[in-house]
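Geometric and topological summary
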Amino acid sequence: MHDDFRNRARVLITGVTSIHGWPVFRKLRSMLPPDRLLGIRPPKMHVPQGDNVVSRCMTDSPALARIRDAFRPTHVLHAAGVCDLDACEARPEYAHDINVHGARGIVSVFAPACYILYLSADLVFSGIHAPPHGYGETDPPDPVSVVGKTYLLAEKEIARAARHAIVRIGLPMGGSIQGKKGAVDFIEGRLRRGLPTSLFHDEYRSCIGCGDLADAVVSLLSMEAEGVFHVGGPRAVSLYEIGQKILDRGNYGKEALRAWSRADDVDGPPRIGNVHLNSGKAERLLGRRFKAWTH
């Protein structure tokens, strides 16, 4: 961790209620005094609480400008966005507004004075023709869903900033701030209630623990790394395998979990195949390997 960052940085982080933003916010909260950290949550959310958390919409550029003038951030970590596949397919204009226009507003308000780090996702890739060692930063994105397409457009908006990083993350594994977001909360919630849970055996992600993800993101932020980086676990994990691990850990009834093929999901949103990320570039820069998610 760079001492100059710990001693002088003033960090604004958006999306503090997201499954990936929450652990990063907690990590930063343990490092920085409250007057040098400001979190933005969605307008209708009331958690987390604190004098250094405010509710704002990402498309409200005048409100962001007032925050800029009052807080005077040196670093902006943009973790806000909408990633619900079904909701985004049903309301593509809404997804475009939050993800793309939101990123555009971040750049227009905070660049060039601030260093900007954007948390994107592996969903910018289709996973149809996955490279044998995972997608690298130079592999051309080819998203199939509205989520992936709007993330990719948001990346292009962030790339207009003079000093920026785009960090594509794998699937964050851990508890959310309200226990309702993310793969673990969703799967465990259904298994705990004994509800039928069908998970794809042929959709693969780079699972990474939320704590490991936060450590990597904050390290990249503190060193003001520039460019595109992939941050995910070292191997591809199917959604069904995730369900098996959660089931075994909680000793839930095995009859509730069923393997399903994405080819059979004819009425659902477009599904990715194997979007495993090759995180070697970020690992070399940080001098450490990212851990495999195990439970």
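Everything discussed here concerns the structure shown above.
The model shown is predicted, which means the values in this text are computed figures rather than measured ones.

Time to look at the pattern of salt bridges. Following the criterion strictly, the structure yields 14 salt bridges and no others. Of the charged contacts, one joins R160 and E157 as a salt bridge, the two residues approaching to 3.1 Å between their closest N and O atoms. Residue class for E157 comes out buried when judged on its relative accessible area of 12%. It is possible to trace a salt-bridge network through shared partners that takes in R104, E157 and R160.

Taken across its 7 residues, strand β5 (residues 115-121) has 7 buried, putting it largely inside the fold. In β5, alternate side chains face the same way, and those of Y115, L117, L119 and A121 on one face and I116, Y118 and S120 on the other are all buried. Relative to β5, strand β4 (residues 75-78) runs parallel, the two sharing 4 bridges. Across the sheet, the residue bridging to H75 is Y115, located in β5. For the handedness criterion, the β-α-β arrangement of β5, helix α6 (residues 146-158) and strand β6 (residues 164-169) is classed as right-handed.

The rules behind each value
Residues numbered from 1 in each chain as written. Predicted model: local features only at pLDDT ≥ 70, side-chain atom pairs only at ≥ 80, totals over all residues. Heavy atoms only, no water. Salt bridge = Lys/Arg side-chain N within 4 Å of Asp/Glu carboxyl O. Buried < 20%, exposed > 50% of the residue type's maximum accessible area, 1.4 Å probe, protein only. Helix = DSSP H or I, 4+ residues; strand = E, 2+ residues; numbered from the N terminus. Pairing = 2+ DSSP bridges. Right-handed = clockwise from strand over helix to strand, strands pointing away.

What is shown is where atoms sit, not what they do.
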